[in-house]
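Examining the three-dimensional arrangement
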Amino acid sequence: MTDPTDTSSATDDIVAAFRLDKAPVRGRTVRIGAEALDPILRRHDYPRPVAMLLGEALALAALVGSLLKAEGRLVVQAQGEGPVTLLVAEYSVGGGLRGYARLAEGAAEALEANRMPPAALLGVGTLVLTLDQGDNKTSYQGVVPLDGATLAACAESYFRVSEQTDTCIKLAVGQLFAGDEPPLWRAGGILLQRIAGDHARGDTGEDWNRASILFATLRDEELVDPELPADRLLYRLFHEEGARMDTPAALEDRCTCNEERLTGVMRQFPAEELRDLVEDDGKIHARCQFCAREYLIEPLQIGA
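First things first, this report covers the structure right here in the doc. Small disclaimer: the values here were computed from a predicted structure and weren't measured.

Rules behind the numbers
In this numbering scheme, every chain counts its residues from 1 along its sequence in written order. This being a predicted model, a pLDDT of at least 70 is required before a residue's local features are given, and a value of 80 or more before pairs of side-chain atoms are given or counted; all residues contribute to the totals for chains, interfaces and linings. Note that water and hydrogens are dropped before the side-chain values are worked out from all heavy atoms of the structure. Grouping buried Ala, Val, Leu, Ile, Met, Phe, Trp, Tyr and Cys residues that are joined through side-chain atoms within 4.5 Å yields what is termed a nonpolar core. Working definition: with a 1.4 Å probe on protein chains only, accessible area under 20% of the residue-type maximum means buried, over 50% means exposed, and in between means partly exposed. Residue contacts follow a heavy-atom distance rule, with two residues in contact if any of their heavy atoms lie within 4.5 Å. One side-chain nitrogen of Lys or Arg within 4 Å of one carboxyl oxygen of Asp or Glu is enough to make a salt bridge. Secondary structure is summarised from DSSP: a helix means a run of H or I of at least four residues, a strand means a run of E of at least two, and numbering begins at the N terminus for each. We call two strands paired when DSSP finds no fewer than two bridges between them. Fitted lines through C-alpha atoms give the axes, limited to the stretch in contact for helices. The angle between two N-to-C directions lies from 0 to 180 degrees. Ring pairs are drawn from Phe, Tyr and Trp, using the six-membered ring of Trp, whenever the two centres fall within 6.5 Å, and their geometry is named by plane angle: stacked under 30 degrees, edge-to-face over 60, tilted for the rest. A patch consists of residues whose relative accessible area exceeds 30% and which take part in no salt bridge; residues with like charges are grouped when within 9 Å of each other, and nonpolar side chains (Val, Leu, Ile, Met, Phe, Trp, Tyr) when within 5 Å. All accessibility values rest on the Shrake-Rupley procedure with a 1.4 Å probe; residue burial counts only the protein chains present in the view. What makes a crossing left-handed is the near helix being turned counterclockwise from the far one by less than a right angle; a clockwise turn instead makes it right-handed. Ten residue types, Ala, Val, Leu, Ile, Met, Phe, Trp, Tyr, Cys and Pro, are classed as nonpolar, four, Asp, Glu, Lys and Arg, as charged, and the remainder, Gly among them, as polar. Expected helix span is taken as 1.5 Å per residue step, with the number of steps being one fewer than the number of residues. Cysteine sulfur atoms that pair up within 2.5 Å are treated as a disulfide.

This brings us to the nonpolar core. Ranked by internal contacts, the top residues of the largest apolar core, which has 58 residues, are Val 76 and Leu 127. Those residues within four positions of Leu 127 in sequence are excluded, and the remaining contacts are Val 76, Gln 77, Ala 78, Gly 142, Val 143, Val 144, Leu 146, Leu 151, Cys 154 and Ala 155. If you look at the next biggest cluster of nonpolar residues, it comprises 19 residues, including Cys 168, Phe 215, Leu 218 and Phe 238.

Set out below in structure tokens:
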């Protein structure tokens, strides 16, 4: 019997660390497909450029979040005054992903293109990466403007400004068409970072420049190609540098909403406001923005 937690041979819905034996470079690679990405993007029937941007944000959340050692979650959030007023992607330690985009009224009809720069969708705004450690622990946050041509470029600015670490990021989202079946959303990404020089390594600049040049040859279609697994792609890029990929960790579509948490939040609302929310069936209907699950809350549960 196959162990469902064994991801050693998985090629989709995974995130993994890698390193280069012959260069002071490390990184992460991610592939998200039919089980972890497609349902998130399909739930809300987003316009194509919005779905692509949210898919990139989820891939970025997995790449950065999987670097974390502590419990908690990594939140990638962008807000602006454009057609998309809010974009949120979350990675929870253990591989859970969830995401949501909120559109301005009437914005969907005006979005017909494919990939669009973040600023074109979100307007003037900021990209915020937050490490929420939970349990009243200190949260850490980095903020950069949404002035890059891609979400990956904005994220590179975050690492350059907030972490002061040389970083290259590539994110791609696309759809897989197979016969008469509905197309499936896929995403892929690679995060590459320079390891700082020290007495043993010396200056790592030349090695980093060579790795960055090789990284720049990476194409979007390679990152979403189901016939080109992450380990083979890394070998294709960095075989001369001795690329080694660790055992991948699984990713899944996993929302953190639950009735207990929801009722706890609603108990903080004024009783009069809660009574106005009661529907004809005598219950309060609440829907999770992320997973679209609907909760039917008894007013007496929350003191309405």
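Bringing the pattern of salt bridges into the picture now. The final tally for this structure, using the stated rule, is 20 salt bridges. For Arg 42, the salt bridge identified is with Asp 38, shortest N-O distance 2.9 Å. With a gap of 4 residues between them, Arg 42 and Asp 38 both fall in helix H1 (residues 38-42), about one helical turn apart. Residue Arg 42 is classed as partly exposed on the basis of its relative accessible area of 37%.

The next point concerns the side chain of Glu 222. One can find Glu 222 in helix H6 (residues 220-224). Ignoring sequence-local partners within four residues, the contact set of Glu 222 consists of Arg 31, Thr 217, Leu 228, Leu 233 and Arg 236.

Another point: the sheet that holds strand S4 (residues 84-92). The strand order S7-S6-S3-S4-S5-S12 describes an open sheet built from 6 strands, whose pairing is mixed. Both outer strands of the open sheet, strand S7 (140-145) and strand S12 (252-253), are each paired with one neighbouring strand and no more. Bridge count between strand S3 (residues 73-79) and strand S6 (residues 126-132): 7 bridges; the pairing is antiparallel. For Val 75, the partnering residue across the bridge sits in S6 and is Thr 130. Helix H2 (residues 48-65) rests against S3, S4, strand S5 (96-103) and S6 of the sheet, and its axis sits at about 35 degrees to S4. Packed onto the sheet, helix H4 (residues 151-163) meets S6 and S7 and runs at close to 125 degrees relative to S7.

This part is about the packing of aromatic side chains. If you walk through the whole model with that rule in mind, you get 3 aromatic pairs. Their ring planes at 20 degrees and their centres at 6.5 Å tell us that Phe 18 and Phe 238 sit as a pair that is stacked. Placement of Phe 18 in strand S1 (residues 14-20) and of Phe 238 in helix H7 (residues 230-238) is noted, with a sequence separation of 220 residues between them. Just as Phe 18 is buried, Phe 238 falls in that class too. Between Tyr 158 and Phe 159, the aromatic rings sit 5.1 Å apart at their centres with planes inclined by 75 degrees, giving edge-to-face as the arrangement. Of the residues examined, Tyr 158 reaches a relative accessible area of 9% and is grouped as buried. Overall, the relative accessible area of 4% leaves Phe 159 in the buried class.

As a further point, take the environment of Met 116. Residue placement: Met 116 occurs in the loop between S5 and helix H3 (118-122). If near-sequence neighbours (up to four positions away) are discounted, Met 116 is found in contact with Pro 49, Leu 111 and Leu 121.

Residues Val 265, Phe 269 and Leu 277 make up a contiguous nonpolar surface patch of roughly 230 Å² in combined accessible area. Within the secondary structure layout, Phe 269 lies in the loop between helix H8 (259-266) and helix H9 (271-275).

This part takes up the environment of Pro 270. Its location among the elements puts Pro 270 in the loop between H8 and H9. Among the residues examined, Pro 270 registers a relative accessible area of 48% and is labelled partly exposed. For the pair Pro 270 and Ala 23, spaced 247 residues apart in the sequence, the C-alpha separation amounts to 60 Å.

Packing of H2 against H4 leaves a shortest axis separation of 10 Å and a crossing angle of 30 degrees. Handedness of the crossing formed by H2 with H4: right-handed. For the pair H2 and H4, the contacting residues are Leu 53, Glu 56, Ala 57, Leu 60 and Val 64 in the first and Leu 151, Ala 155 and Phe 159 in the second. In the contact of H2 with H4, the residues fall into 7 nonpolar, no polar and 1 charged.

A few words on H2. Between its first and last C-alpha, H2 extends 25 Å over 18 residues, near the 26 Å set by a 1.5 Å rise per residue. By the criterion of burial, H2 is predominantly enclosed, with 17 of the 18 residues buried.

Next up on the list: the environment of Cys 255. Looking at the element boundaries, Cys 255 is found in the loop between S12 and H8. Every residue in contact with Cys 255, bar those within four places of it in the chain, is listed here: Arg 98, Cys 288, Phe 290 and Cys 291.

Enumeration according to the criterion identifies 0 disulfides in this entry. Here Cys 154 is not disulfide-linked; the sulfur of Cys 168 is the nearest cysteine sulfur, at 15 Å. Take Cys 154: its relative accessible area is 0%, and that puts it in the buried class. Relative accessible area serves as the criterion here: at 14%, Cys 168 is assigned to the buried category.

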